[in-house]
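A look at the structure
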Amino acid sequence: MPEPRTRHPRAAKLQAEQRIAAQAQGRDVLPEESPSPDGPGNLPPSNQRNPFTDPNKENVKLNAQAKHVAPKAAKAPLAAPPAAAPANVPPRQPAYAPPEPKVDEVAEDGPDKYPVPKRVAVGGSPAYIPNRKLGKGGFGQVWLGDRVVPKKCSKETDAATALNKVALKFEHRSSKGCAAGPPYEWSIYAQLGDVYGIPKVHYKGQQDDFYIMVMDLLGPSLWDVWNQQGQHLSEAYVACVAMEALTILQALHSRGYVHGDIKPENFLLGPPDTNRSKRLYLVDLGLAMKYRDGRYGGHVKYDQRPDDFRGTVRYASVHAHLGRTSSRRDDLESLAYTLIFLLKGRLPWQGYQGANKGYWVARKKMATSAEMLCRMTTGAFREFTDSVMNAKFEDEPNYPKYISMFEPLVNVPERPLVVENAMKLVVGSKRSRSEYEGEIELQPTKKVRSGNGARQWITVYNKHAPMKQRYHYNVNTSRLLVHVQKGWEDGLYISCVSSCQNLWAIVMDAGTDYTQQIYKVHYNSFLPKEWIMEKWEEGYYITAVSGSDNSSSLVVMSKGTRFTQQSYKVADSFPFEWIKKKWREGFYVTAMATCINQWAVVMSKTTGIIDQVVEVDFQYPSEGIHKRWDAGYRITCAASTHDQSAFVLSNLRKPNLDETQETLRTSNFPTQHIKEKWDDNLFLAAICYGKTVS
């Protein structure tokens, strides 16, 4: 499998110049690249690679009678690219930057590949003539529809209200969103009914090869307004947007749905020259999802799938980048980014390009605190952003409190937008202000997103019957044999290893059930492939592995394990696609390590594990781990690069009678803490050194 490559800076500069020239001539401009829903793809190889030196090649051990095979590797999910990080200062954008596309946006031909019908009548609707294209999205296109036989209107009724002019949304049956029938968006509108701030769908049906919705006609988007106003909106205008957007989201969330794609392009004003021209509407429910269980009414369960990104890269929440289940906090975090973009005209992570754009954007978002993002803005924006950035998965947003933050900013002679409904929520909440101020804490006592990363020791402890365990840390390679040999003589075997500043840490204990063990330090290469395959033939299996910052690796192989087959992969990004593939084949992750920004994952066939999940983050994923613990999973592997931490949690077939598990993060190796844990019969089960949070 070829290594993923980033685009050369000269190519990026040339493309930017071509985009500016195309815009000046009025030609179509291709959208910025965005990763696919399965994560960033890989470019074709420049030449043939040596299969014995390819770090992305999968290595497999089958049964003694079977041959060695090397299946093709899957696409890499959101993770660090092999090339160096882009410059701290992203490239400048042209005066008019095209809107950020959704990750689902098609690059081939586009949704307007097929001509729309000349005349439309679906679901019992009057006949309409598509007059002019208003826009296009990932799978569909929207046209202005004029009624063939106009309905007579009174002076108080405008053409849009009388449905003489409508929006016609076309989706071709061959588009990805219609592979299984009518668009998913149809079912969302049907279940929602009338919701404040959501345009109405009056008719829908199929005509020729198109699925068509007849909807309320609206005016320009906030993106259009932002461009018309010189790519800057006043503080009062953005505060009005915040208040109305929060009111709309509260109404949508109360129906059990999250929008999933909050951005300036999806907020539209009412039709121009009507009494609705200053009202705000939220459109495009193609990525909306239920956050409330339809059967029992409770919150959906937490999950993380690192390759499942939905939304628009520029405005998506960090949790969306990491593939976590959508909840209300994600809409609010995207709204915060939208507000800052409209106010300041730019977000710190704009300008990244190429297949790994999603990774770099997510990394930058995680490193940007609310204080940094909202610098030079009114305190209301910082306070709101800080609160939603640190919200938990199931938190219920305090919409009235959020709206009240922006209320002082809209006290201007003429408000740019209608905010009456938002003001009603504020007035209603003021009656019990003392109650919610005393009971609801907007900012968690401990911030999840401070913007300040740190590297620490992460140690994992399991409850176990009293046993002999010892550890060694800051061990030079030349001293390894002395400590390991002494442990073997005392009946102890290596259970886990790690590295910090090119020195090794090893844990040895009597609870492994191993009968024989060997190890090898391999210099200037992550894993010694030939040596591993040779020892596989002798009946050894990899039981622990670690990599150092000088590209060396420590591999421990043992006999007496419960493994029957084994496979490993070294990749330049966390290989979640490959892990999923091996899960389907009956393998489970049994060891994991990193070397600078490379990952090594070892998977084995074993009877001791029923199911596995992963937690990947740009810091220690405390909330995710606690959610997994509550579901009965326990950490069995941990590894961390300079940028990311990954934890594999397993549902064990024969769990211990006491399933207590604890984790600890310390700047120095926790010698004193380990001894204190031993007194409580808590023994080291995994160690790693890497990215957490300060």
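Reading guide: rules and limits
- Residues numbered from 1 in each chain as written.
- Predicted model: local features only at pLDDT ≥ 70, side-chain atom pairs only at ≥ 80, totals over all residues.
- Heavy atoms only, no water.
- Helix = DSSP H or I, 4+ residues; strand = E, 2+ residues; numbered from the N terminus.
- Buried < 20%, exposed > 50% of the residue type's maximum accessible area, 1.4 Å probe, protein only.
- Contact = heavy atoms within 4.5 Å.
- Areas by Shrake-Rupley, 256 points an atom, 1.4 Å probe, with all protein chains shown as cover.
- Patch = residues over 30% accessible without salt bridge, like charges linked within 9 Å, V, L, I, M, F, W, Y side chains within 5 Å.
- Salt bridge = Lys/Arg side-chain N within 4 Å of Asp/Glu carboxyl O.
- Arc of directions from axis to C-beta.
- Pairing = 2+ DSSP bridges.
- Axes fitted to C-alpha atoms, helices over the stretch in contact; angles between N-to-C directions.
- Polar contact = N/O pair within 3.5 Å; in protein donor to acceptor, adjacent residues only side chain to side chain.
- Core = buried A, V, L, I, M, F, W, Y, C linked by side-chain atoms within 4.5 Å.
- Domains from an automatic or database assignment.
- Phe/Tyr/Trp six-rings, centres within 6.5 Å; stacked < 30°, edge-to-face > 60°.
- Lys NZ or Arg CZ within 6 Å of the ring centre and 35° of its normal.

Turning to the overall build of the protein, a few remarks are in order. Scanning the protein from N- to C-terminus turns up 17 helices and 25 strands. Taking all 694 residues of the protein together, 54% fall into the buried category. Pairs at least 24 apart in sequence give 73% of the contacts found in the protein among residues at least 6 apart. Taken as a whole, the protein presents about 31,000 Å² of accessible surface, with 49% of it coming from carbon and sulfur.

Taken together, the side chains of Ile129, Val148 and Val149 define a hydrophobic patch exposed on the protein surface, amounting to about 240 Å² of accessible area. For Ile129, the location among the structural elements is in strand 2 (residues 128-136). Given a relative accessible area of 40%, Ile129 falls into the partly exposed group.

This part is about helix 2 (residues 184-192). Taken together, the buried positions of helix 2 are Glu185, Trp186, Ile188, Tyr189 and Leu192. The buried residues of helix 2 all sit within an arc of 165° when viewed along its axis, so they share a single face. In this fold, the buried residues of helix 2 make contact with strand 4 (165-172), strand 5 (201-207), strand 6 (210-215), helix 4 (235-254) and strand 7 (257-258). Residue Gly193 follows helix 2 closely and has a positive phi angle near 70°.

The next point concerns the sheet that holds strand 12 (residues 469-475). Judged by pairing direction, the sheet is antiparallel, and its three strands sit side by side in the order 12-14-13 without closing on themselves. Either end of the sheet is taken by a strand with one partner, and the two such strands are strand 12 and strand 13 (493-500). In this sheet, adjacent strand axes meet at a mean angle of 15° when their direction is disregarded. With seven bridges connecting them, strand 13 and strand 14 (residues 503-509) associate as antiparallel partners. Pairing of Tyr493 across the sheet is with Asp509, part of strand 14.

For the rest of this paragraph, the subject is unusual backbone geometry. Although it is not a glycine, Asn474 sits at a positive phi angle of roughly 55°. Of note, Asn474 is situated in strand 12. The exposure class assigned to Asn474 is partly exposed, which follows from its relative accessible area of 47%. Backbone geometry places Ser551, a non-glycine residue, at a positive phi of 70°. Relative to the assigned elements, Ser551 resides in the loop between strand 16 (541-547) and strand 17 (553-559).

Looking now at the pattern of salt bridges. Throughout the structure, instances matching the rule amount to 24 salt bridges. Of the charged contacts, one joins Lys580 and Asp307 as a salt bridge, the two residues approaching to 2.5 Å between their closest N and O atoms. Of this pair, Lys580 sits in helix 15 (residues 576-584) while Asp307 sits in the loop between strand 10 (289-290) and helix 5 (318-321), and the two are 273 residues apart along the sequence. A salt bridge links Glu585 to Lys582; its shortest N-O distance comes to 2.8 Å. When its relative accessible area of 34% is taken as the criterion, Glu585 is described as partly exposed. Salt bridges sharing partners connect three or more residues here, namely Asp303, Arg305, Arg324, Glu615, Asp617 and Arg628.

What follows is about the pairing of strand 12. Counting buried positions over the seven residues of strand 12 gives five, a clear majority of the element. As judged from the five bridges shared by strand 12 and strand 14, these two strands associate in the antiparallel manner. Counterpart to Val475 in the pairing with strand 14 is Trp504.

Let us look at the environment of Arg328. When you line up the elements, Arg328 lands in helix 6 (residues 328-344). The spacing of Arg328 and Leu249 is 79 residues in sequence and 8.8 Å in space, taken between C-alpha atoms. Every residue in contact with Arg328, bar those within four places of it in the chain, is listed here: His253, Val258, Tyr291, His299, Glu394, Asp395, Glu396, Pro397 and Tyr399. Among the polar contacts listed, one links the side chain of Arg328 to the backbone oxygen of Glu394, at a separation of 3.4 Å.

Quick look at the nonpolar core now. The nonpolar side chains of a soluble globular protein tend to be buried, and buried together. Of all hydrophobic cores here, the largest spans 84 residues; its most connected members are Leu335, Leu339, Phe384 and Phe406. Formed jointly, this core draws a minimum of three residues from each of two domains, domain 1 (113-147 + 163-217) and domain 2 (220-431). When neighbours within four sequence positions are excluded, Phe406 is seen to be in contact with Ala239, Ala242, Met243, Leu246, Leu339, Ala380, Phe381 and Phe384. Val555, Met557, Cys595 and Val602 belong to the second-largest nonpolar core, a separate cluster that totals 18 residues.

Read from one edge to the other, the open sheet built from three strands follows the order 15-17-16, with strand pairing classed as antiparallel. The sheet terminates laterally at strand 15 (516-522) and strand 16, the two strands that pair on one side only. In this sheet, adjacent strand axes meet at a mean angle of 15° when their direction is disregarded. Pairing of strand 15 with strand 17, which is carried by seven bridges, proceeds in the antiparallel orientation. Pairing of Ile518 across the sheet is with Met557, part of strand 17. Sitting on the sheet, helix 13 (residues 477-489) touches strand 15 and strand 17, and the angle it makes with strand 15 is about 175°.

Two aromatic rings are characterised by how far apart their centres lie and by the angle between their planes. A complete count under the given rule lists 26 aromatic pairs for this structure. Measuring from centroid to centroid gives 5.7 Å for Phe170 and Phe210, while their planes differ by 85°, and the two rings are edge-to-face. Taken together, the residues span a long stretch of sequence, with Phe170 in strand 4 and Phe210 in strand 6 at a distance of 40 residues. The class of Phe210 is buried, set by a relative accessible area of 4%. A ring pair is formed by Tyr473 and Phe669, whose centres lie 4.7 Å apart and whose planes are at 10°; its orientation type is stacked. Of this pair, Tyr473 sits in strand 12 while Phe669 sits in the loop between strand 24 (661-666) and helix 17 (671-679), and the two are 196 residues apart along the sequence. Ring-pair connections join several aromatic residues into one group, and the members of that group are Trp457, Tyr471, Tyr473, Phe669, Trp678 and Tyr689. For Lys559, the ring lying beneath its charged end belongs to Tyr540, and the centroid distance is 4.8 Å. Sitting above the plane of the Tyr461 ring, Lys677 keeps its charged end 5.7 Å from the centroid.

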